[in-house]
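The primary structure of each chain is shown beneath.
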Amino acid sequence: MFQLSNFDWSNNNILYKNRKPSRAHFYPYGDENSALEFDSKLSDRIVDLNGEWDFKWFNSPLKVTNDELNNPSYDEYSKIKVPLNWQYDGYGKFIYTDLWYPFPVDPPNIPSLDNETGIYRRKIMVENHMLDNLSIRFEGVESAFHLYINGQKVGYSQGSRMPSEFDITTYVHEGENDLYVVVYQYSDGTYLEDQDMWWLGGIIRDVYLIIRKKSYISNINLDTDFDIEKSTGILNIKSKIVGENTKLDINIYENDRLIKSIKDAEQNFKMYIDNVKAWNAEEPFLYTVIANLKTAEGITIESIPQKIGFRSLAIIDGNLLLNGTKILMKGVNRHEYSPLNGRAVTYEQTLRELKLIKDNGMNAIRTSHYPNNPFFYDICDEFGIYVIDEADLETHGFEIIKQDTRLCNDEKWLPSYIDRIERVVERDRNHTCVILWSLGNESSYGNNFKKMYEWCKKNEPIRPVHYEGDFKNESIDVSSTMYSSVGSLYELDTQLSPKRPHILCEFAHAMGNGPGSLKEYYTLVEKSNRVQGIFVWEFKDQGVYQKDNKGNERYYFGGEFGEKFHNGNFCMDGLLMADSTPTPGFYEYAKVIENVHVVDFSWDKQYIKVKNRWDFLNLDSFDLVCTIIENDKEMKTKTIKMPVANPHETVYIKIDDDLYISDNEDDVWLDVQFVLNKDLVWAEKGWKAGSERLLINNYRPKKISNLKPAEIIEKENVLSISGKGFNFDISLIDGRIYNYTVNDKLIIDKGPELNFYRAFTDNDIENKKEWNEKHIHSMIMSVYNVNQNSDGDLLELVLKGKFAPKALEWSSFVTITYKVSYDGNININYDGFFSGDKPGHLPKLGSQMKISKEFINILYHGKGPGECYCDSKSNAKDGIYSLTFEEMEFGYLSPQENGNRTDVKWAVLTNDNEEGFAVGTDKSMDFSVRDVEDDNLIKEKYHCDLNREDYLLVNCDMRNSGLGSQSCGPDRMNQYKVFTIPFNWNLSIVPIKNNVSKIAIGREAIDYVNTVIN
């Protein structure tokens, strides 16, 4: 009778059938010369099976009958690319969840309904010389599969992101053979694979045949160490050889030079190599090991190549030391993901992404939350990227049903847990880049984790073990937390025991516009006694690329495929958008963690104080390139040779006297860049390791003389203001300027209106609840009374009233004072305080005006040129920038608040005829211009659906609140909140005059503020 447990895919007692033992990842070659190329395409022992396969999809494994397997109707099959998740070729369903399992939680049982299943078929040609010893290897199949050859069941395996290898020698014959694979999207192993990502199925990594002789190297482990005092490399070789009358030769190469050769070596032995160059993330020097298996007569049977680096790992006095040096991992969590192919990523994509990571100062990756493609580790070895290699294990969904320890304390599941760590360790142990093993992610803690830890210590004791879910630190060597606040990190760092290195395996949730306060985190971590790693969550958005019926390109997230439950756009939480565009948050992180950093500067004393943040490199590998910026122009550039500065040292660099002589009153800066003066393995000469813009001189606002007041006429509900070539109205209903016209040209449709509201960011997830409850989106201004004053120089109008939300009683009592000159200059002063049951803090406090869309050109003095906020502006440089309003925007794929520029002193908005106006303030402001209403940014799900207005909205804010990372982490820090406390600030508006430059008009705007308030 029917028993669900009779199916391998629903029985946790069956993890595999006929699968070969785990081994290190390598490709065999026919001779040493071929092996030295490290290109499996050149190996006569590898047959690539990637490419086009026949495919048939089913919604249940029970529909895959014996007749279907043995007598297929090929007319019912279509073609599919391997590797690929089949959902990306139009089969099955897309489902995205963060925690929830997509089926009833009843381990180990897996429902047969909606367990998508695919049959992959292809022919393989077997030649006579392949019949001695032939295997097939799958680097990753999601999540389980049966293998059949010529109608015979070869074996079974599960575990989505781990390799499975089968000996198929006895199943094949010379000539054409029928190969087919039945893949199940869900299996009992899926209970251990509840990572925050799309639920997908298919063959997702390389598939290939391995041709061996009857005698062969079945495995080789290369454990390296480094004697710091003697500069000696230590190589411990453990090999397993099948067959008799063979001998093993080991050759070691430094670049192309043979430096050591061991003839007729033992299978297990230790060797020492003098004067080696140690491997680290900054100087990742690799050596080549070739293991040659030969006959007794010396004829090569096969050659196995491996790249190794010599480095020592130790935890001493609570610090993780690499080659005796305390290191800091500046890292990122990275899913393997392509919006076109799912988790079937290519070598080329991986190379691009890792190059981008390395080029921007990051030196570590946590493989969240599963082992990556084998070629990922090859690149990390070469580039110098520290890897936390994580087992394919997460049971987060049990937290929802309050049974988070159900599996990890169940002895029946222990083999599954051990299988998860054993396969990643045995596969990746030869990779120098791997410096920590991770037992998994968000799966609570129980005895099964303890056994995993014990297995690691017994079988591969070199690397420390990490697991964040072990809150009591019972079975780890490196402790870990997620999304800790800066304050809690400081408390952790002051604890005297236990002495153990600590990392933030996840922090700074990079969802949408954010994260904020990266600078505060890094400032603490750089000086920390314990914290040795920070890993942003995460590298890249996981959007699904499709074109809609209008041809618009979209990157879909959860809920867009008819799922009954999902986690929406929570998968769009990367430093890169799904189309691989780096966000402002990416560049902010790169700036904050830069390896050569200016800590002090004095133009008068002619020095720059620089810190070498590298752990191993000296600064004499870099030149200092200095450029004088005057206003918006580069004036002079000079290159200065950097002094020798050891890692973590601080040095003073003298600036040449002749670099800048001018004594004018313009804005002048010194741009400095620290530029690599030679090629490194991972970077070319000219690569930038750090930069800074340093202030030499700021324009000082002046007092405008010979002012006289504008004229005023009171009409019904308005005050009509006019003067030399201008006129506008002030409404007595809302106190706002209307129809500001200069020389018969309408410049401003609606003048500044007090504004506390902006579109929410993904990181406003908690704050927006209160802001909506407080009806901040419905605020209106009511004028209670108006008074006119005149001091002889300016027309002064004082409006008193209340700015309050609809339906509620809290409010802000506001006094708005206009001071208007005869030539059209306006200063607006907002003075207010709050009363009633007010919100604790606001999205922003400022103003918004409406102007014609013809005023597309913007010149401003402030932080830029890219988007920045008060808690995310390290990468923004103070300067004078020219942009269009389109360039002010940053188009997050999920619409939200964007495009802000902070620390803005003045801005000029013009049309193509150079007509327009300037705004300025006495301190600085947050500034943005867009053609989308805030409500529309909130309403729409996708950037391509935004309603583009035929006008522009200009936001001039006393303060726009910071970003934080509240989407999964701490809110913005208190110093970056806009609290509901008394406020007073000024905004000036100055029309463009004939024959006056934009910069001069911008400065006149701050001159006018200075004149009014002084």
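Provided above is the structure to which this section pertains.
So, here's what we can say about the structure. Keep in mind that what you see is a predicted model, and the values were worked out from it rather than measured. (Residues numbered from 1 in each chain as written. Predicted model: local features only at pLDDT ≥ 70, side-chain atom pairs only at ≥ 80, totals over all residues. Heavy atoms only, no water.)

### Some remarks on the pairing of strand β38 (residues 622–630)
- With nine of nine residues buried, β38 is to be regarded as a mostly interior element.
- Across the two faces of β38 the burial is the same, with Phe622, Leu624, Cys626, Ile628 and Glu630 and Asp623, Val625, Thr627 and Ile629 all buried.
- Where β38 lies against strand β41 (residues 668–676), nine bridges are found, and the strand directions are antiparallel. When the sheet's bridge partners are listed, aspartate 623 is paired in β41 with valine 675.
- Here β38 runs beside strand β39 (residues 633–641); their pairing, made up of eight bridges, is antiparallel. The partner of cysteine 626 across the bridge, within β39, is lysine 638. (Buried < 20%, exposed > 50% of the residue type's maximum accessible area, 1.4 Å probe, protein only. Helix = DSSP H or I, 4+ residues; strand = E, 2+ residues; numbered from the N terminus. Pairing = 2+ DSSP bridges.)

### Focus: the sheet that holds strand β10 (residues 152–158)
- Strand order in the open sheet formed by seven strands is β1-β10-β9-β12-β6-β3-β4, and the pairing between neighbours is antiparallel. Both edges of this open sheet fall to β1 (16–17) and β4 (78–82), since each of them pairs with a single strand only.
- Here two bridges tie β1 to β10, and the two strands are oriented antiparallel to one another. Across the sheet, residue tyrosine 16 finds its bridge partner in β10, namely serine 157.

### With respect to the environment of proline 839
- Following the sequence through the fold, proline 839 ends up in the loop between β51 (826–835) and β52 (841–842).
- As a C-alpha pair, proline 839 and glutamate 394 span 445 residues in sequence and 39 Å in three-dimensional space.
- For proline 839, the residues in contact, after removing those within four places along its chain, are Glu770, Lys774, Ile776, Trp810 and Thr980. (Contact = heavy atoms within 4.5 Å.)

### A closer look at helix α4 (residues 374–383)
- Within α4, eight of the ten residues are buried, leaving the element largely enclosed by the surrounding structure.
- Taken together, the buried residues of α4 touch α3 (347–359), β27 (364–366), β28 (386–390), α5 (414–428) and β29 (434–438).
- Remark: glycine 384 follows α4 within two positions and exhibits a positive phi of approximately 85 degrees.

### Description of the pattern of salt bridges
- For the structure shown, the criterion picks out 67 salt bridges.
- We note a salt bridge from lysine 611 to glutamate 526, for which the minimum N-O separation is 3.3 Å. Taken together, the residues span a long stretch of sequence, with lysine 611 in strand β37 (residues 607–612) and glutamate 526 in helix α8 (residues 518–526) at a distance of 85 residues.
- In this structure glutamate 526 comes out as partly exposed when scored by relative accessible area, which is 25%.
- Of the charged contacts in the structure, one is a salt bridge between lysine 591 and glutamate 594, with a shortest N-O distance of 2.9 Å. The burial state of lysine 591 is the same as that of glutamate 594; both residues are buried.
- Salt bridges sharing common partners tie together Glu142, Arg161, Glu193, Arg343, Asp392 and Arg420. (Salt bridge = Lys/Arg side-chain N within 4 Å of Asp/Glu carboxyl O.)

### Overview of the sheet that holds strand β42 (residues 688–697)
- Spatially, the four strands line up as an open sheet ordered β39-β38-β41-β42, and their pairing is antiparallel. Pairing within the sheet leaves two strands with one partner each, and these edge strands are β39 and β42. This sheet shows a mean twist of 20 degrees between the axes of neighbouring strands, independent of strand direction. (Axes fitted to C-alpha atoms, helices over the stretch in contact; angles between N-to-C directions.)

### Here's the deal with a nonpolar patch on the surface
- Taken together, Trp100, Ile400, Ile401 and Phe565 make up a surface patch of nonpolar side chains, about 310 Å² in accessible area.
- Structurally, isoleucine 401 is set in the loop between β28 and α5.
- Judged by relative accessible area, isoleucine 401 falls into the partly exposed class, the value being 34%. (Patch = residues over 30% accessible without salt bridge, like charges linked within 9 Å, V, L, I, M, F, W, Y side chains within 5 Å. Areas by Shrake-Rupley, 256 points an atom, 1.4 Å probe, with all protein chains shown as cover.)

### Looking at the packing of α5 against helix α6 (residues 447–459)
- Contact geometry of α5 with α6 gives a least axis separation of 9 Å together with a crossing angle of 30 degrees. Crossing of α5 over α6 shows right-handed handedness. Taken together, the residues of α6 that come into contact with α5 (itself represented by Leu414, Tyr417, Ile418, Ile421, Glu422, Val425 and Glu426) are Asn448, Phe449, Lys451, Met452, Trp455 and Cys456.
- When grouped by side-chain class, the residues that make up the contact of α5 with α6 number nine nonpolar, one polar and three charged. (Left-handed = near helix turned anticlockwise from the far one by under 90°. Nonpolar A, V, L, I, M, F, W, Y, C, P; charged D, E, K, R; others polar.)

### Thoughts on the environment of alanine 281
- Structurally, the position occupied by alanine 281 is in the loop between β20 (268–273) and β21 (287–295).
- By relative accessible area, which is 1% here, alanine 281 ends up buried.
- Alanine 281 has contacts with Lys358, Asn363, Phe383, Gly384, Tyr386 and Trp682, leaving out every residue within four places of it along the chain.

### Comments concerning unusual backbone geometry
- Geometrically, the link from serine 368 to histidine 369 is a cis peptide bond, its omega value of -10 degrees lying close to zero.
- Its place among the elements puts histidine 369 in the loop between β27 and α4.
- Between glycine 514 and proline 515 the backbone carries a cis peptide bond, its omega angle lying at 0 degrees.
- With respect to the helices and strands, proline 515 occurs in the loop between β32 (502–507) and α8.
- Phi is positive for phenylalanine 38, which is not a glycine, with a value near 50 degrees.
- Relative to the helices and strands, phenylalanine 38 resides in the loop between α1 (32–35) and β2 (46–48).

### Focus on the side chain of threonine 1011
- With respect to the helices, strands and loops of the structure, threonine 1011 is situated in helix α13 (residues 998–1013).
- Its relative accessible area of 10% is what places threonine 1011 among the buried residues.
- Among the polar contacts made by the side chain of threonine 1011, one reaches the main-chain amide nitrogen of isoleucine 704 at a distance of 2.7 Å.
- Residues in contact with threonine 1011, not counting those within four places in the same chain, are Lys702, Lys703, Ile704 and Leu707. (Polar contact = N/O pair within 3.5 Å; in protein donor to acceptor, adjacent residues only side chain to side chain.)

### Observations regarding helix α9 (residues 584–592)
- Within α9, eight of the nine residues are buried, leaving the element largely enclosed by the surrounding structure.
- Among all positions in α9, only Pro584, Gly585, Phe586, Glu588, Tyr589, Ala590, Lys591 and Val592 are buried.
- Those residues of α9 that are buried lie in contact with β26 (329–333), α3, β32, α8, β33 (531–536) and β42.

### Focus on the packing of aromatic side chains
- In total, this model carries 62 aromatic pairs according to the counting rule given.
- Of the aromatic side chains, those joined through ring pairs into one cluster are Tyr88, Phe94, Tyr96, Trp198, Tyr337, Tyr556, Phe557, Phe561 and Tyr942.
- Stacked on the ring of tyrosine 822, the Lys or Arg lysine 708 has its end atom at 4.3 Å from the ring centre. (Phe/Tyr/Trp six-rings, centres within 6.5 Å; stacked < 30°, edge-to-face > 60°. Lys NZ or Arg CZ within 6 Å of the ring centre and 35° of its normal.)

### Some thoughts on the pairing of β20
- Residues Phe269, Met271 and Ile273 line the buried face of β20, whereas the alternating positions Asn268, Lys270 and Tyr272 sit on a face that is not buried.
- As paired elements, strand β17 (residues 232–242) and β20 share six bridges and run antiparallel to each other. When the bridges of β20 are listed, leucine 235 appears paired with methionine 271.

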